[in-house]
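Letter by letter, the chains look like this.
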Amino acid sequence: MQETKGGGTPAVEPGIIDPFARSINYLRLSLTDQCNLRCRYCSPGAGRKLRRADLLRYEELLRFIRIAVDLGVRKVRLTGGEPLLRHDVLSFITDLAAVPELADIRLTTNGVLLERYAEGLYAAGIRKLNISLDTLRPERYHKITGADLFHQVWRGIERAQEIGFDRIKLNIVALRGVNDDEFVELARLTLVKPWQVRFIEFMPVGGAAVWDRSRYIPTTEIMERISVLGEPAPASDSGISGPARLFRLPGSCGTLGFISPISNHFCDRCNRLRLTAEGMLRSCLLSDQQTDLKRILRNGGDDEAVRAAIIEAIRHKPKGHGLKPGETGDCHGRMSRIGG
Ligand code: SAM
């Protein structure tokens with residue numbers, strides 16, 4: 001493993017190079033395990049909540065992030081649970097945006113509080129938003145999420161567009177028998193909105209309580225269904241490489257994204273590290289292997305110890321998750337804690 005900072009060898013992309021030649025420069029941060037929705041594929045039950053004292057404090061997060069940035073992380077995504085539920089989140093983002101060399105801060109939200117927060121998020125420095133929206137039908141939204149809030153979320157998305165965020169992406173988890181009759185309708189949004197509409201394969205995260213193999217739909221089938229709208233042309237995207245393969249329908253102003261963690265996984269270009277809401281450092285979403293960073297931070301560990309923990313986690317980043325459709329893998333952690 002080589003480091004690009006202080007280690008001498010210049011590299012094209014910043015980050016620590018892991019044993020499989022991937023440059024690790026992207027951190028996903030779960031700010032809280034709390035959520036105001038109960039999506040049936042994510043956190044269907046109330047479950048045990050973390051106590052406030054179990055969450056990493058903002059000053060701990062900032063310390064960790066400064067060290068990670070020093071090692072080459074350049075992009076941070078705030079997620080959860082629902083990140084907008086974390087107390088005083090806008091001042092935290094403002095402080096985060098002041099971290100030198102942190103080029104890019106993004107947020108994934110369910111959009112329930114977006115109408116209220118959009119302006120503050122923009123002012124704090126967020127320019128790119130991912131918003132989860134699995135259906136365009138209000139009653140179905142209620143059924144999937146347990147909350148009758150479709151219109152509120154939609155207003156939030158439109159408010160974000162008015163404000164002028166650089167990029168708005170809608171995340172749709174493709175679920176057989178739940179929203180698969182809406183793929184065409186959802187894809188059609190790209191004809192009228194400059195958004196990226198992304199179809200994500202259902203993943204076996206959270207153990208048997210959440211995973212239902214009969215709901216899984218591979219990307220090829222999703223694309224096939226959408227093809228009634230015309231032949232999509234490959235589209236390119238700028239910025240640090242993401243997992244989505246992008247396409248454009250004829251005459252569209254937005255793009256279609258397909259994320260295939262199971263049928264065509266992107267492990268060989270995975271540049272991610274994750275920090276869970278309770279301070280566990282993970283190098284793979286689908287593996288329960290993790291390092292207790294909170295213990296290091298709270299037991300007087302110096303910056304060198306934190307740095308060593310990050311390097312060690314990257315050194316053990318699995319080559320790939322190796323899952324095939326129908327397998328549950330060894331990830332039993334909840335998506336809301338790990339950070340989706
Ligand atoms: N509360 C925020 C939200 O709803 O966007 C952020 C957290 S949520 C866990 C992040 C993303 O993970 C969402 O887009 C959600 O759809 C996705 N997700 C959750 N469980 C999933 C699963 N089993 N398979 C695929 N995607 C999943």
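Please refer to the structure placed before this passage.
Overview of the structure. (Residues numbered from 1 in each chain as written. Predicted model: local features only at pLDDT ≥ 70, side-chain atom pairs only at ≥ 80, totals over all residues. Heavy atoms only, no water.)

Considering the overall build of the protein
Item 1. Within the protein, the regular secondary structure consists of ten helices and 14 strands.
Item 2. Expressed as a percentage of the 340 residues in the protein, the buried residues total 56%.
Item 3. Long-range contacts, defined as pairs at least 24 residues apart, comprise 73% of the intrachain contacts of the protein with a sequence gap of at least 6.
Item 4. Counting every atom, the protein has about 14,300 Å² of accessible surface; 50% of that belongs to carbon and sulfur. (Helix = DSSP H or I, 4+ residues; strand = E, 2+ residues; numbered from the N terminus. Buried < 20%, exposed > 50% of the residue type's maximum accessible area, 1.4 Å probe, protein only. Contact = heavy atoms within 4.5 Å. Areas by Shrake-Rupley, 256 points an atom, 1.4 Å probe, with all protein chains shown as cover.)

Thoughts on helix α1 (residues 58–70)
Item 1. For α1, spanning 13 residues, the distance from its first C-alpha to its last is 18 Å, which sits close to the expected 18 Å at 1.5 Å a residue.
Item 2. Turning to α1, its buried residues number three or more, namely Y58, E60, L61, L62, F64, I65, I67, A68 and V69.
Item 3. Residue G72 follows α1 closely and has a positive phi angle near 120°. (Expected span 1.5 Å × (residues − 1).)

Focus: the nonpolar core
A general feature of soluble globular proteins is that nonpolar side chains tend to end up buried together.
Item 1. Among the nonpolar cores identified, the biggest contains 96 residues, and L29, I65, L78, F92, L121, F199 and I310 are the most heavily contacted of them.
Item 2. Take this core: its biggest share by element is eight residues, from α1.
Item 3. Once residues lying within four places of it in the same chain are set aside, the contact partners of F92 are L29, L31, Y58, L61, L62, I65 and L78.
Item 4. One finds I200, A244, I259 and F266 within the second-largest nonpolar core, a separate group that totals six residues. (Core = buried A, V, L, I, M, F, W, Y, C linked by side-chain atoms within 4.5 Å.)

With respect to the pattern of salt bridges
Item 1. With the rule as written, the count across this model stands at 27 salt bridges.
Item 2. Between E182 and R137 there is a salt bridge, with the nearest N and O atoms lying 4.0 Å from each other. Placement of E182 in the loop between β7 (167–174) and α6 (183–192) and of R137 in the loop between β6 (128–132) and α4 (138–145) is noted, with a sequence separation of 45 residues between them.
Item 3. Accessibility expressed as a relative area gives 26% for R137, which makes it partly exposed. (Salt bridge = Lys/Arg side-chain N within 4 Å of Asp/Glu carboxyl O.)

Focus: the site of the ligand
Item 1. Close contacts around the ligand come from 17 residues, with Y41, G81, E82, S132 and M203 the closest.
Item 2. The contact in question runs from a nitrogen atom of the ligand to an N or O atom on the backbone of G81, over 2.9 Å.
Item 3. Here a nitrogen atom of the ligand sits 2.9 Å away from a polar atom, N or O, in the main chain of M203.
Item 4. Summarising the interface, the protein chains cover 95% of the accessible area of the ligand, which totals 550 Å² for the free molecule.
Item 5. Of all the secondary structure elements, the ones that give two or more residues to the shell around the ligand are β5 (104–109) and β7.
Item 6. Grouping the constituent residues of the shell around the ligand by class yields six nonpolar, nine polar and two charged. (Near = heavy atom within 4 Å. Polar contact = N/O pair within 3.5 Å; in protein donor to acceptor, adjacent residues only side chain to side chain. Nonpolar A, V, L, I, M, F, W, Y, C, P; charged D, E, K, R; others polar.)

A short note on the sheet that holds β5
Item 1. Taken together, the twelve strands give an open sheet; going across it, the order is β9-β10-β11-β8-β7-β6-β5-β4-β3-β12-β13-β14, and neighbouring strands pair in mixed fashion. The strands lining the two open edges of the sheet, one partner per strand, are β9 (233–234) and β14 (290–292).
Item 2. Bridge analysis of strand β10 (residues 245–248) against strand β11 (residues 255–259) gives three bridges, and the strand direction is antiparallel. Bridged to L246 within β11 is G257.
Item 3. Packing of α1 onto the sheet brings it into contact with β3 (26–30), β4 (75–79), β12 (272–275) and β13 (280–282), and relative to β3 it is tilted by some 170°. (Pairing = 2+ DSSP bridges. Axes fitted to C-alpha atoms, helices over the stretch in contact; angles between N-to-C directions.)

Focus on α4
Along an α-helix, residues three or four apart share an orientation, since each turn contains 3.6 residues.
Item 1. Residues R140, Y141, I144 and T145 constitute the buried set of α4. All buried residues of α4 lie within an arc of 115° about the axis, which places them on one face of the element. Away from its buried face by more than 90 degrees, α4 exposes E139 and K143.
Item 2. On the buried face of α4, the contacting elements are α5 (150–163).
Item 3. One or two residues past the end of α4 sits G146, with phi positive at roughly 80°. (Arc of directions from axis to C-beta.)

With respect to the packing of aromatic side chains
Item 1. Enumeration according to the criterion identifies nine aromatic pairs in this entry.
Item 2. Plain terms: the ring middles of F199 and F258 are 5.8 Å apart, the flat faces sit at 15° to each other, and that makes the pair stacked. With F199 in strand β8 (residues 196–201) and F258 in strand β11, the pair connects residues that are 59 residues apart, well separated along the chain. Each member of the pair, F199 together with F258, is buried. (Phe/Tyr/Trp six-rings, centres within 6.5 Å; stacked < 30°, edge-to-face > 60°.)

Quick notes on the packing of helix α3 (residues 114–124) against α5
A pair of packed helices is captured by two measures, namely the crossing angle of their axes and the spacing between those axes.
Item 1. Where α3 meets α5, the closest approach of the two axes is 8 Å, and the angle between their N-to-C directions is 25°. Considering the angle they form, α3 stands roughly parallel to α5. The way α3 lies across α5 gives a crossing that is right-handed. For the pair α3 and α5, contact is made by L114, E115, A118, E119 and Y122 and by R155, G156, I157, R159, A160 and I163, respectively.
Item 2. Looking at side-chain class alone, the contact of α3 with α5 contains six nonpolar, one polar and four charged residues. (Parallel < 35°, antiparallel > 145°, perpendicular 65-115°, else oblique. Left-handed = near helix turned anticlockwise from the far one by under 90°.)

As for the environment of H316
Item 1. Mapped onto the fold, H316 is located in the loop between α9 (303–315) and α10 (335–338).
Item 2. Residues H316 and C284 lie 32 residues apart in sequence; the distance between their C-alpha atoms is 9.6 Å.
Item 3. Not counting the four nearest positions on each side in its chain, H316 is found in contact with S283 and Q289.

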